[in-house]
Every structure is written in structure tokens, then in C-alpha cells.
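# A look at the structure
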Amino acid sequence: MPNHSEVKIGLKMSLISKLKTFKGGIHPKEYKSLTNKMEFETIPIPQKLIIPLAQNLGNPSISLVKKNDLVKTGDIIAEQNGFVSSIIHSPVNGKVTKISNHPSVTGIPINSINIEKIDSNEINLMSILDPERISSEQIIERVKYAGIVGQGGAAFPTYVKLSPPKGKKIEHVILNGCECEPYLSRDFRLMIEKPEEIILGMQLIIKAVSATKGTVGIEDNKPEAIEMIRNAAKNYQNISVEVVKTKYPQGAEKMLIKAVTNKEVPPNKLPFDVGIVIQNIATAISVHDAIIKGMPQISASLTVSGLGIKNPKNLIVPIGTPISDILDYCGGIVQNTVRIIAGGPMMGASIYDLSTPVMKATSGILVLTEEEITHKEETNCLRCGKCVEACALNLIPTRLARLSLLDKLELAETQGITICMECGSCAYTCPANIPLAQWIRYGKQKVLSLQKERKSA
Ligand code: SF4
Ligand code: SF4
């Protein structure tokens, strides 16, 4: 006969096995405890800000200011350039000192507006709108005017996501509370500190797209966040919480949609195509703030972590703050730091210039030491198939990487290289230490350029 603890373990095991998830994926070491107890702090506005004009997926914005112009916090300093683009507001009272190329978190220099701070508390807010009486069109217009971009990483202009093409009916809004990248605890802290704002922001998103229901997907390693969000949503009949299995990349759009709804978004299709809009936790707060407070998106919330930073923290930072100012605010870096990354360790980009500024979608700054980076020698492929098992999109990473290496781009295209979401799971799991994701990213960029050339020919 089983004893009590065996029964308890059995129950726990059956609950675990029922948690929804997707096929494939990996379980990297989390490192969340470095920051998940740290309340958000707002850093002082730095003396000099550098505002990149390309902060969204799509077309860069067009500057509306020139050298020596005076700007107020909240003033529009760059306008939208086409449908998939966004407005940029000044995060500071100051004087434009120059507009020139500057290193960016994307690794590519971006034309950027440099502003020198002037001490003043002036702020140019938008009007406050009534969430009960606001229409769908007004929500979308306000989100556009506030310059909000998705803060889950891709920086897609949010108003575009809220404007499905004609004939696409949206039924379901999913809020992504997975935060599956190691180290990052920004979304977790937002769920703990601002659950009401998140749920009201979500309700506004549901209204904007005329959906009937909303689900917040949260990984089971965040029980406090699950409780806070459930409490905040208890008076909303149409919003529920779905606890999903902790696994990387559970927070990828297609993976979360599969886990929550069991629907598959086909290759080269979007969540729109299966009646779903998916947004990030921080984006829901930006929508809330734009409508309830009249606040444009002029700051980023992010985690500063890693064994290389003296005081890991969660911070609210003005857009355009140089990374060096953030590192100083956190007590500086330790001597054996070997890498600084913007974003998470799996999908983020290495930073080589500490004057690189924070952008609207920057979710983390990681300062990593030797201890956290594995430098193992690359060997020949062992044909073990682990990379294939790990790929959540059913790709064959070993083959795609080889085709990229050999520049066999057309073959790589037919094998689905453009579908790859660059999650890095294949490389993480490879016992031969082959930089699979790097090779696939390289091949994917080349195939995408080829496709562009074909279209314009
Ligand atoms: S990086 Fe691409 S190929 Fe590798 S596991 Fe992720 S989706 Fe699959
Ligand atoms: S995981 Fe690495 S060693 Fe194994 S099949 Fe894939 S590329 Fe080869």
C-alpha cells in the first residue's frame, strides 16, 4: 500500500503531466532567483539619451526634429513611416544635439536622435480616456499615437497587431506571461506588482479586436504571479489563466498558442489566421498607461542580471538610456565579465559598445562571466538527433545548418529555413557543440534577401 508521501507525489506527478505544452523544447538553467524578488526601481534620467529611429519591426520612423531643437517629455520627435512603423516620443526635457548613426542592440548602427537633458518637470501627456466608453477604433488609434511596440522581443507595432486584415475574425486574445528565457524576471515582477493594470490593459486589447475571451498563459514556475493575475481577473468573466509547463521556448507565439488552444499556426501564417491575437505582459501595461494615464511609450521595463553585475535589479529606464548608465546604476561589473547581452541569453544580442541605448522592446541586460558561458570545442556531428528532438517547429537543424554552411540556399529554403524562429534550442542541446542556430540564422538572412530580390525582379 502506498504511504502518504507516495500518494502526494503521485498526485503532483499527475498534475504536472496534465500541464499544457508543446512538443520539443529544452530546460536550460533558470537563474531567475538573481532578480525575481527585486521590486522595480526607476533610474534617474541620464544626462544624454540616444533615441534610435528604428525601434520597431518594419520601417524606421522619420525624425521631426533637428539639431538645437528643444523638446519636452512626451513630445513626438519622430513620425511613422508607412503602415508597419511607429511614432517616437521624447523621454526627456532637453535639447537635440545631433542626429547620427549610433551602435544599437540589433548589432547594426541606427540613425539616432541625441538629446541632452535639461532640468525641468514638464511633461506633454495625451488626454485621459474612459475605458468603459472608449470604442475599438479609439483604442487602436491611441495605441498607434502612443507609439507602442510589442515588448516580447520582436517590437512589432502593437496597433498593427490590433488591426487584423478584413475578413479575419479574432476570437481569442492570449497574454504571454511565460517569460521562458533564463535570467529575465521583468514580466514576473510586472505580474506581481501591476496585476490590475495588466488585466485592464488586456480587457482593452480584447475590446480593440472585438474578441470574446482572453487567456493569460503563465508557466508553472511562477505560482505567485498565477495567484496575483487570477485575483485581478476574478471579476472578469471573459478572462482566465492557463498554467502551462515550464519549458523553453514556451513563450514563443506559436508554442503558447498550441499549449493554450491546441491550435497550430501553419508555417508562414500569423496568429490572425487562426483567430488569435497574442500580446506580451509589458505591452498590456503600455496599452493601459496610454489610455488611463495618457502616457506614451517612453520607457522600458527590464531585468539587469547575470553573475557579472554587482547588484542585479529590475528597472524602469527611459528609452535611449546608454547601457553604461544602467550598469553604473547597478554598481558596475565584476572583473571576469566576458559578455554583455541585450535581451535573454537564448535570443538576445551581444553588445560591443556600452554607449548602445535601450530601445522600447529591450527586456533585459545580462552581464555574464566565464562561469556562465560554456566554451566547449566543436566536434563532428554525432548523428544523435537531439537537435531534431529539441526543435519545436519540426525542422531538421543539423541539415539546415549544413546547407547554410555550404551556401545551398535554395535547398535550405525548401527545407523550411525561413520558418526557424532562431530560438537556439538546437544549438543548446547539441553534444558536438555545433553553433547550429548561428549557421541557420546566417542562411535564413541570405534566403530572405534572395526572396526579396525575386519579388523586386
Ligand atoms: S533555432 Fe530554429 S532550427 Fe533551431 S530549434 Fe529553434 S526553431 Fe528549430
Ligand atoms: S544534436 Fe548536434 S551532434 Fe546531434 S544530430 Fe544534431 S547537430 Fe549532430
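All values derive from a computational prediction rather than experimental measurement.

### Quick notes on the site of ligand 1
Around ligand 1 sit Cys 391, Leu 393, Pro 397, Cys 420, Met 421, Glu 422, Cys 423, Gly 424, Ser 425, Cys 426 and Ile 440, and those are all the residues in its vicinity. Here the shell around ligand 1 is built from residues that sort into 8 nonpolar, 2 polar and 1 charged.

### Examining the site of ligand 2
As a matter of local geometry, ligand 2 sits amid 13 residues, with Cys 381, Leu 382, Cys 384, Cys 387 and Cys 430 nearest to it. A per-class count over the shell around ligand 2 returns 9 nonpolar, 2 polar and 2 charged.

### Side note on the sheet that holds strand S2 (residues 48-52)
Reading across the sheet, the 4 strands line up as S2-S8-S7-S4 and stay open at both edges, with antiparallel pairing between neighbours. Both edges of this open sheet fall to S2 and strand S4 (70-71), since each of them pairs with a single strand only. Strand direction decides the pairing type here: S4 and strand S7 (residues 94-102), joined by 2 bridges, are antiparallel. Counterpart to Leu 70 in the pairing with S7 is Lys 95.

### Observations concerning the domain arrangement of the protein
According to the domain assignment, the protein consists of domain 1 (22-43 + 124-373) and domain 2 (386-456). Its C-alpha centre places domain 1 at a distance of 26 Å from the equivalent point of domain 2. The partner domain 2 presents 14 residues to the 16 residues of domain 1 that form the contact. Overall, the association of domain 1 and domain 2 removes approximately 1100 Å² of surface from exposure, summing both partners, and the carbon and sulfur fraction of that is 63%. When residues of domain 1 are sorted by the area they lose upon contact with domain 2, Lys 23, Ile 26 and Met 346 head the list and together hold 35% of the total. The interface formed by domain 1 and domain 2 includes 3 residue pairs in polar contact (both at pLDDT 80 or more). Of the residues in the side of domain 1 that touches domain 2, the class split is 10 nonpolar, 4 polar and 2 charged.

### A short note on the pattern of salt bridges
With the rule as written, the count across this model stands at 16 salt bridges. Here Asp 289 and Lys 293 are joined by a salt bridge, their closest N and O atoms 3.6 Å apart. With Asp 289 and Lys 293 both in helix H8 (residues 281-293), this residue pair falls 4 residues apart, about one helical turn. The class for Lys 293 is partly exposed, based on a relative accessible area of 39%. What emerges from the salt-bridge pattern is a single network uniting Glu 422, Arg 441 and Lys 444.

### Observations regarding unusual backbone geometry
Of note, the amide linkage connecting Tyr 248 to Pro 249 takes the cis form, showing an omega dihedral of 0 degrees. Locating Pro 249 in the fold gives a position in the loop between strand S11 (239-244) and helix H7 (253-261). You will see that Asn 394, though not glycine, has its phi angle at about 60 degrees, which is positive. Backbone geometry places Asn 433, a non-glycine residue, at a positive phi of 55 degrees. Among the structural elements, Asn 433 can be located in the loop between helix H13 (425-429) and helix H14 (436-456). The exposure class assigned to Asn 433 is partly exposed, which follows from its relative accessible area of 28%.

### Overview of the packing of aromatic side chains
Throughout the structure, instances matching the rule amount to 3 aromatic pairs. Ring centres of Tyr 31 and Tyr 183 lie 4.5 Å apart, and the angle between their planes is 5 degrees; this geometry places the pair in the stacked category. Of this pair, Tyr 31 sits in the loop between helix H1 (4-18) and strand S1 (40-42) while Tyr 183 sits in the loop between strand S9 (172-177) and helix H4 (186-193), and the two are 152 residues apart along the sequence. The class of Tyr 31 is partly exposed, set by a relative accessible area of 21%.

### Some points on the pairing of S11
As judged from the 6 bridges shared by strand S10 (residues 213-219) and S11, these two strands associate in the parallel manner. Each residue of the ladder has a partner; that of Gly 214, found in S11, is Ile 239. Considered for its hand, the β-α-β crossover made up of S10, helix H6 (residues 223-233) and S11 is right-handed.

### What to know about the nonpolar core
By size, the foremost hydrophobic cluster in this structure holds 48 residues, and its most contacted members are Leu 162, Val 173, Ile 198, Val 216 and Ile 229. Apart from residues lying up to four places away in sequence, Val 216 is in contact with Leu 175, Ile 199, Met 202, Ile 229, Ile 239, Ser 240, Val 241, Glu 242 and Ile 281. Judged by nonpolar contacts, the second largest core, of 33 residues, contains Ala 300, Leu 315, Ala 342 and Ile 351.

### Details of the sheet that holds S11
Across the sheet, 4 strands lie side by side as S11-S10-S9-S12; this open sheet has parallel pairing. At either margin of the open sheet sits one strand with a lone partner, and together these are S11 and strand S12 (276-280). Pairwise comparison of adjacent strand axes, ignoring direction, gives a mean angle of 25 degrees for this sheet. Of the pairings in the sheet, the one linking S9 to S12 comprises 5 bridges and is parallel in character. Note that in S12 the partner of Asn 176 across the bridge is Asn 280. Its contacts with the sheet place H7 against S9, S10, S11 and S12, and it is angled at close to 115 degrees to S9. The strands touched by H8 are S9, S10 and S12; relative to S12, the strand with the most contacts, the crossing angle is about 90 degrees.

### What to know about helix H11 (residues 397-405)
Among all positions in H11, only Pro 397, Leu 400, Ala 401, Leu 403 and Ser 404 are buried. Along the axis of H11, the buried positions cluster into a sector of 165 degrees, meaning they face one direction only. Looking at the buried positions of H11, the neighbouring elements they touch are helix H10 (386-390), helix H12 (409-414), H13 and H14. Positioned one or two residues after H11, Asp 407 has a phi angle of 60 degrees, which is positive.

Rules used throughout
- Each chain has its residues counted from 1, following the order in which its sequence is written.
- To read the labels, note that chains go from A and ligands from 1, taken in the order they are written.
- Restriction of local features to residues with pLDDT of at least 70 applies here, the model being predicted, together with a cutoff of 80 or more for giving and counting side-chain atom pairs; totals for whole chains, interfaces and linings are based on all residues.
- Excluding hydrogens and water, the side-chain values take into account all heavy atoms of the structure.
- We call a residue near a given molecule or strand whenever any one of its heavy atoms falls within 4 Å of it.
- In the scheme used here, Gly and all other residues not listed as nonpolar or charged are polar, with Ala, Val, Leu, Ile, Met, Phe, Trp, Tyr, Cys and Pro taken as nonpolar and Asp, Glu, Lys and Arg as charged.
- The rule for pairing is simple: two strands pair if DSSP sees at least two bridges between them.
- Only DSSP runs of H or I with at least four residues qualify as helices, and only runs of E with at least two residues qualify as strands; both kinds are numbered from the N terminus onward.
- Each domain span listed reflects an automatic or database assignment of domains.
- Whether two residues touch is decided by their heavy atoms; if any such pair falls within 4.5 Å, the residues are in contact.
- By buried area we mean how much accessible surface two parts lose on assembly, using a 1.4 Å probe and totalling the loss over both.
- Polar contacts here mean pairs of N or O atoms no more than 3.5 Å apart (in protein, one a potential hydrogen donor and the other a potential acceptor; neighbouring residues in sequence count only if both atoms are side-chain atoms).
- A pair is scored as a salt bridge if a Lys or Arg side-chain nitrogen falls within 4 Å of a carboxyl oxygen belonging to Asp or Glu.
- Exposure classes here rest on a 1.4 Å probe applied to the protein chains alone. A residue is buried below 20% of its type maximum, exposed above 50%, and partly exposed in between.
- Pairing of aromatic rings covers Phe, Tyr and Trp, the last through its six-membered ring, and needs centres within 6.5 Å; plane angles under 30 degrees mean stacked, over 60 mean edge-to-face, and all others mean tilted.
- Note on handedness: a crossover is taken as right-handed if, strands pointing away from the viewer, the path from the first strand over the helix to the second is clockwise.
- Among the buried residues, those of types Ala, Val, Leu, Ile, Met, Phe, Trp, Tyr and Cys that are joined through side-chain atoms within 4.5 Å form a nonpolar core.
- In this description, a line fitted to the C-alpha atoms serves as the axis of each element, helices being fitted only across the stretch in contact, and the angle between N-to-C directions of two axes falls anywhere from 0 to 180 degrees.
- This arc corresponds to the set of directions leading from the helix axis out to the C-beta atoms.

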